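# Survey of secondary and tertiary structure
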Amino acid sequence: MSGQRADITETGLLLDEVDPEAFIADKACDADPLIELLEERQIAAVIPSRKNRRS
């Protein structure tokens, strides 16, 4: 169901449309693939870590 899809699944597509200096999000976006994408594009990730993140 499309209404149940997590926002993070569309983040990469949205980032293709803009060229931000920083990406500010909540803990729901604390995912390695997204953070790696942001690092590749030299976008500062301002995302608090989930409590179970080890590194």
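So, here's what we can say about the structure. Note that this is a predicted model, so its numbers are computed, not measured. (Residues numbered from 1 in each chain as written. Predicted model: local features only at pLDDT ≥ 70, side-chain atom pairs only at ≥ 80, totals over all residues. Heavy atoms only, no water.)

## Side note on the overall build of the protein
The helix and strand tally for the protein stands at two helices and two strands. Taken from N to C terminus, the helices and strands of the protein fall in the order α-β-α-β. Dimensions of the protein along its principal axes, counting C-alpha atoms only, are 35 × 30 × 15 Å. For the protein, with 55 residues in total, the buried portion stands at 20%. Here the analysis covers contacts within the protein between residues at least 6 apart in sequence; of these, 11% occur between residues at least 24 apart. Split by element, the accessible area of the protein, about 4,600 Å² in all, is 50% carbon and sulfur. One way to put it: in the protein the 7 positive side-chain charges average out to a point 12 Å from where the 12 negative ones average out. (Helix = DSSP H or I, 4+ residues; strand = E, 2+ residues; numbered from the N terminus. Buried < 20%, exposed > 50% of the residue type's maximum accessible area, 1.4 Å probe, protein only. Contact = heavy atoms within 4.5 Å. Areas by Shrake-Rupley, 256 points an atom, 1.4 Å probe, with all protein chains shown as cover. Lys, Arg positive; Asp, Glu negative; His and termini not counted. Charge placed at Lys NZ, Arg CZ, Asp CG, Glu CD.)

## Focus on the nonpolar core
Of all hydrophobic cores here, the largest spans eight residues; its members are Leu15, Phe23, Ala25, Cys29, Leu34, Leu38, Ile43 and Ile47. Apart from residues no more than four positions distant in its own chain, Leu38 is found in contact with Leu15, Phe23, Ile43, Ala45 and Ile47. (Core = buried A, V, L, I, M, F, W, Y, C linked by side-chain atoms within 4.5 Å.)

## Digging into the side chain of Thr11
Tracing the chain through its elements places Thr11 in helix H1 (residues 8-15). Assessed through its relative accessible area of 9%, Thr11 is described here as buried.

## Notes on the pattern of salt bridges
Summed over the entire model, instances satisfying the criterion amount to four salt bridges. As a salt-bridge pair, Asp19 and Arg41 come within 3.9 Å of each other at their nearest N and O atoms. Placement of Asp19 in the loop between H1 and strand S1 (22-24) and of Arg41 in the loop between helix H2 (32-40) and strand S2 (44-46) is noted, with a sequence separation of 22 residues between them. Between Arg50 and Asp30 there is a salt bridge whose closest N-O contact spans 3.7 Å. Here Asp30 lies in the loop between S1 and H2 and Arg50 lies in the segment after S2, a separation of 20 residues in the sequence. Residue Arg50 is classed as partly exposed on the basis of its relative accessible area, which comes to 38%. For Asp30, a relative accessible area of 2% puts it in the buried group. Taken together, the shared-partner salt bridges in this structure form one network comprising Asp30, Asp32, Arg50 and Arg53. (Salt bridge = Lys/Arg side-chain N within 4 Å of Asp/Glu carboxyl O.)

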